[in-house]
Amino acid sequence: MNKSMKKDVLEEYVLIASMIKWLFLSVIIGLVVGGATAVFIKLVGTASSFTHRYKYYYLFMPLAFFLSSYIVLKLAPEAKGHGTEKAIEAVNKNSGKMNIKVVPVKLLTTLITIIFGGSVGMEGPATQIGAGISSKIGEMLKLNDIDRKRVVVCGIASGFVGVFGSPVGAAVFAAEVLYIGQFSYLALFPSLISAFVSFFIGRYLGTKPLIQYFINMKEFSTGVMLLRMIVFGIFIGVLAMFFIRFVNFIENCFKKINIYAPLKGIIGGLLVILVVLITGSEAYMGIGEEVIERAVQGQTISPFASLWKTLTTSITLGSGGSGGILTPMLYVGATAGSVWSHIVNGSATFYAAVGMVSFLASCANTPLAGIVMSMELFGSEVGMYAAIVCVISYLIVGHKSIYPTQIIVKSKTPSLFMDTDCEIGKVDKRFIIKNHILKKIVKDNINN
């Protein structure tokens, strides 16, 4: 056997051994996290069914936000926020280490927030619960830092799929959401296995996807739709910029209120109740899956639904409520797409579906995950058009993210220099325009 063949054999031996190792770890994570996520989803569903029997259940919202903030403050400050953000932070800043206390605290506080009307989702807590469990598994198995990061990414995928029911999209999201300008191929295989195991565990235990709806695309013209998707992508990107800025603005407003942190929850709860009274609708509270489903089915949606949902979500999370922000982003994208369909006289079902996944993709800087999710949830033909919108909106949103601890590895365009290898929330805003033509245009605009 010559040297080349020996090297090939050795390489294959190592690769297969590594695959077997990660197959074993991934299945364990998928089983444990999938089971925990399914229990969490069922708890939220059962508790919400009970509280929603009462007409004015949401009047307890100020107390719910207060309790949520108080429990997090006293038991596990790492559980603060919307979940996925903290999971990303654990990988990028703490070598995959996360306090296991986060799991029960996040579960309890999210449950309290949602059942009394807090405008949040379950996916953020699910990913944080998955990351916390996976981190503990990595610690028990005495994994090194690199391997522990990979198991935490598996936990993110396993928790994500429990809510959305898109296993390939969940794996791609987990591998893509850590960085801007780089995809974590190292984590893709174990994430896929974990996501599929978690997906099947969830189905076995009776959970169902947030939304899944096949859309027939035969009636659309390819040439016209291409142009429409470009314009729609710009619209979604601009809307995503507004959403990110507004969420951060409300969060900063609450930070400036110099009082005991849990008391801010009472203020936030009262403000959300005020929105209910002003609008005369409860559609902007809670998870909002019913509104998302109505939008995707082409039913009539209020033209201001996306704006009201942005406001209630920002207040809920900014004041101390606990939960995820991805489902509210799906809500905003779906309802905005429905409104856009009336402007361009298009299919409400189609635009709501594409708006839903592309808005998530642009806010989270995960265009590949958005494309894959659109194919899994709505069919491959929808995914083809959604790909255009996801990529354009991803570019239009610029170097901003709903997750400030994402690491920016590369600028989204070589014509623009940005600080790299740092968190997107700390990137130097004094960017340098490298393209001389663009530099002249910007300079002329400033002078004018």
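Chemist: Run through the sheet that holds strand β2 (residues 407–408), naming residues and quoting values.
Modeler: Strand order in this open sheet of three strands is β1-β2-β4, and the pairing throughout is mixed. Among the strands making up the open sheet, the edge pair consists of β1 (179–180) and β4 (422–423). In this structure, β2 lies alongside β4, joined through two bridges in antiparallel fashion. Looking at the pairing, Ile408 lines up with Cys422 of β4.

Chemist: With reference to specific residues and values, describe helix α11 (residues 289–296).
Modeler: Among the residues making up α11, those that are buried are Val291, Ile292, Ala295 and Val296. Take α11 and look down its axis: the buried residues cluster within an arc of 135°, on one side only. Backbone geometry just downstream of α11 places Gly298 in the positive-phi region, at approximately 85°.

Chemist: How would you sum up the nonpolar core? Please name residues and give values.
Modeler: With 121 residues, the main nonpolar core has Met356, Phe378 and Tyr403 as its most contacted residues. Excluding its chain neighbours within four sequence positions, the residues that come into contact with Met356 are Ile211, Ile292, Val296, Leu330, Gly333, Ala334, Leu377 and Phe378. Counting six residues, the second largest nonpolar core, distinct from the first, contains Ile180, Ile408, Met418 and Ile424.

Chemist: Kindly report on the layout of surface pockets, identifying the contributing residues and their values.
Modeler: The space that makes up the second largest pocket amounts to roughly 720 Å³. Lining the second largest pocket are 30 residues, and of these Met122, Leu210, Ile287, Glu289 and Glu290 sit closest to its centre. Contributing elements (two or more residues each) for the lining of the second largest pocket: α1 (3–51), α6 (145–164) and α11. No other element matches α1, which puts six residues into the lining of the second largest pocket.

Chemist: Run through helix α15 (residues 367–378), naming residues and quoting values.
Modeler: Helix length check: α15, at twelve residues, gives a terminal C-alpha distance of 16 Å against a target of 16 Å (1.5 Å per residue), a fit within 8%. Among the twelve residues in α15, nine count as buried, and that is most of the element. On the buried face of α15, the contacting elements are α6, α7 (167–176), α11, α14 (348–364) and α16 (380–396). Backbone geometry just downstream of α15 places Gly379 in the positive-phi region, at approximately 110°.

Chemist: Give a detailed account of the pattern of salt bridges, specifying residues and quantitative values.
Modeler: Counted according to the given criterion, the structure contains seven salt bridges. Across the salt bridge formed by Lys93 and Glu89, the nearest N and O atoms sit 3.6 Å from each other. A residue pair is termed a helical-turn pair when its members lie 3 or 4 positions apart in one helix, as Lys93 and Glu89 do in helix α3 (residues 84–93) at four residues. Looking at Lys93, the relative accessible area reads 42%, which means it is partly exposed. When its relative accessible area of 18% is taken as the criterion, Glu89 is described as buried. Two residues, Glu139 and Lys136, come together in a salt bridge whose shortest N-O distance is 3.6 Å. Taken as a pair, Glu139 and Lys136 lie in helix α5 (residues 123–140) at a separation of three residues, close to a single helical turn. Looking at Lys136, the relative accessible area reads 31%, which means it is partly exposed.

What counts and how
- Residues numbered from 1 in each chain as written.
- Predicted model: local features only at pLDDT ≥ 70, side-chain atom pairs only at ≥ 80, totals over all residues.
- Heavy atoms only, no water.
- Pairing = 2+ DSSP bridges.
- Helix = DSSP H or I, 4+ residues; strand = E, 2+ residues; numbered from the N terminus.
- Buried < 20%, exposed > 50% of the residue type's maximum accessible area, 1.4 Å probe, protein only.
- Arc of directions from axis to C-beta.
- Core = buried A, V, L, I, M, F, W, Y, C linked by side-chain atoms within 4.5 Å.
- Contact = heavy atoms within 4.5 Å.
- 1 Å grid on protein atoms, 1.4 Å probe; cavity = no way out; pocket = protein on both sides within 12 Å on 5 of 7 lines; lining within 4 Å.
- Points joined across faces, edges and corners; volume = space filled by probe spheres on them.
- Expected span 1.5 Å × (residues − 1).
- Salt bridge = Lys/Arg side-chain N within 4 Å of Asp/Glu carboxyl O.

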